[in-house]
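# Observations on the model geometry
Chain residues, written in single-letter form:
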Amino acid sequence: MKVKYLIPLVISIVNLLIPASAYADAVSDLAIVAKQVNAQCPLDMGLSGICESVTFDKKSRTLAYHVNLNPGLVTKESFFQRSPDSIKQSLIAGFSEDNTRPLMQLLYDATAQLLMDYNIGGEHIADVILTTYDIGKILNNNNSEKENAKIYLAGTVKQEKLSCPMEMGEGITMTDAYIDGNKMIYVYHVKAPVSIANLKAADKTLKFNLLSMFNNDPTLKTIGHKAYLAGYSINYIYLDPSTQDSYTAVLTNEDLEEL
């Protein structure tokens, strides 16, 4: 549930409008924000999917993101295996960073709410709403960046775990995802044409490719940045079930600082 890849664009527009000194100004400014961001749609959210449109309803004072989730990452069944509160808490954590504050303040000043309209394959799945009260709590949130990052990652990894097993192609299947101490761990089962021996031999190349993948995909880049803030490393365990041979590729916390 990673909608904050839209935030840099939204914030750049909001920063041109703030300060909004009165309620009426805030409502009008939100309408401008929605119109200008919507003009950029559809927006690629990387692995998470696509934001098809952004709207603002003045009557209900609702800023809405209409998102088509990636069916390869999120299914209807896995979406509803998480509790509504868990989904909402992940969303709150995603909007709790300093760079989201102008948008949150604008919503609060307008007594508005934020709605995430989630769809998969064009089918409406659920609406998740942050009320004005929720937004007020975000603005008064005393959690550290590290605590917010941990909350965000806990929700992200749980969703990925629910999506397992997930075929990654070329003989690789993700079978598990979890957080253990200060490690984010992803487990992959491999088979021909992939071999553990070849993975071990390509250790440095594989790490370089992983970092490139994180840098080039907004979803992964956000996860990597959050992992850095949380003090985590990201560990990829490759296991051949037929031989029990394994190999682990590690992106250290220092590696993630560069993202």
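Residues numbered from 1 in each chain as written. Predicted model: local features only at pLDDT ≥ 70, side-chain atom pairs only at ≥ 80, totals over all residues. Heavy atoms only, no water.

With that settled, consider the pairing of strand β9 (residues 233–240). Most of β9 sits out of view: seven of its eight residues are buried. As paired elements, strand β8 (residues 183–190) and β9 share seven bridges and run parallel to each other. If you follow I185 over to β9, its bridge partner there is N235. Note that β9 and strand β10 (residues 245–251) share seven bridges and pair antiparallel. Across the sheet, residue N235 finds its bridge partner in β10, namely V250. With antiparallel pairing between neighbouring strands as the criterion, β9 and β10 make up a hairpin whose turn holds four residues, including Q244 at a positive phi of roughly 65°. (Buried < 20%, exposed > 50% of the residue type's maximum accessible area, 1.4 Å probe, protein only. Helix = DSSP H or I, 4+ residues; strand = E, 2+ residues; numbered from the N terminus. Pairing = 2+ DSSP bridges.)

Moving on: the pattern of salt bridges. This model, assessed by the stated rule, comprises five salt bridges. Between K88 and D134 there is a salt bridge whose closest N-O contact spans 2.7 Å. You can see K88 sitting in helix α4 (residues 84–94) and its partner D134 sitting in helix α6 (residues 132–139), a full 46 residues away along the chain. (Salt bridge = Lys/Arg side-chain N within 4 Å of Asp/Glu carboxyl O.)

What the five strands build is an open sheet, ordered β6-β7-β8-β9-β10; its pairing is mixed. Each end of this open sheet is capped by a strand with a single partner; those strands are β6 (166–169) and β10. Strand-to-strand twist of the sheet, defined as the mean angle between neighbouring strand axes without regard to direction, takes the value 30°. With respect to the sheet, helix α9 (residues 203–216) is in contact with β9 and β10, its orientation differing from that of β10 by roughly 50°. (Axes fitted to C-alpha atoms, helices over the stretch in contact; angles between N-to-C directions. Contact = heavy atoms within 4.5 Å.)

What follows is about the nonpolar core. Ranked by size, the top nonpolar core spans 75 residues in total, and within it L63, Y65, Y236 and Y238 carry the most contacts. The leading source of residues in this core is helix α2 (residues 23–38), at six residues. Setting aside residues no more than four positions away along its own chain, Y236 makes contact with Y186, Y188, L210, F214, Y247, T248, A249 and L251. (Core = buried A, V, L, I, M, F, W, Y, C linked by side-chain atoms within 4.5 Å.)

You can see A192 is positioned in the loop between β8 and α8 (196–201). Measuring from C-alpha to C-alpha, the distance between A192 and E170 comes to 7.9 Å, with 22 residues separating the pair along the chain.

Time to look at the sheet that holds strand β2 (residues 49–57). Read across the sheet, five strands follow the order β1-β2-β3-β4-β5 without closing on themselves; strand pairing throughout is mixed. Each end of this open sheet is capped by a strand with a single partner; those strands are β1 (43–44) and β5 (123–130). Two elements, β2 and strand β3 (residues 62–69), share eight bridges in a ladder whose sense is antiparallel. The residue of β3 that forms the bridge with C51 is V67.

Attention now goes to the packing of helix α5 (residues 101–109) against α6. Viewed as axis vectors pointing N to C, α5 and α6 meet at an angle of 140°, and their least axial separation amounts to 9 Å. When the interaxial angle is binned, α5 and α6 end up oblique. In this structure, α5 crosses over α6, and the sense of that crossing is left-handed. For the pair α5 and α6, contact is made by R101, M104, Q105, L107 and Y108 and by T132, I135, G136, I138 and L139, respectively. A class-by-class count of the residues in the contact of α5 with α6 yields six nonpolar, three polar and one charged. (Parallel < 35°, antiparallel > 145°, perpendicular 65-115°, else oblique. Left-handed = near helix turned anticlockwise from the far one by under 90°. Nonpolar A, V, L, I, M, F, W, Y, C, P; charged D, E, K, R; others polar.)

Bringing the packing of helix α7 (residues 145–162) against helix α10 (residues 218–230) into the picture now. Axis separation between α7 and α10 bottoms out at 8 Å; the angle between their running directions is 130°. When the axis of α7 is compared with that of α10, the two are oblique. When the axes of α7 and α10 are compared, the crossing they make is left-handed. Taken together, the residues of α10 that come into contact with α7 (itself represented by E145, K146, A149, K150, Y152, L153, T156 and E160) are T222, I223, K226, A227, L229 and A230. A breakdown of the residues in the contact of α7 with α10 according to their chemical character gives seven nonpolar, two polar and five charged.

Here the protein chain averages 84 in pLDDT, and 90% of its residues register 70 or above. For the stretch residues 1–22, pLDDT sits under 50, and the model shows 67 contacts to residues farther than four places along the chain or on other chains. (pLDDT = per-residue confidence, 0-100.)

All right, on to the layout of surface pockets then. In this structure, the largest pocket encloses a volume near 750 Å³. Elements that contribute at least two residues to the lining of the largest pocket include exactly β6, β7 (172–180), β8, α8, α9, α10 and β9. Among the elements that make up the lining of the largest pocket, the one with the highest residue count is α9 (five residues). In terms of residue class, the lining of the largest pocket is made up of 20 nonpolar, seven polar and three charged. Roughly 170 Å³ of volume is contained in the second largest pocket. As for the second largest pocket, its lining consists of 14 residues, of which S96, E97, D98, N141 and N148 are closest to the centre. Only α5, α6 and α7 provide two or more residues apiece to the lining of the second largest pocket. Class assignment of the residues belonging to the lining of the second largest pocket gives a composition of four nonpolar, six polar and four charged. (1 Å grid on protein atoms, 1.4 Å probe; cavity = no way out; pocket = protein on both sides within 12 Å on 5 of 7 lines; lining within 4 Å. Points joined across faces, edges and corners; volume = space filled by probe spheres on them.)

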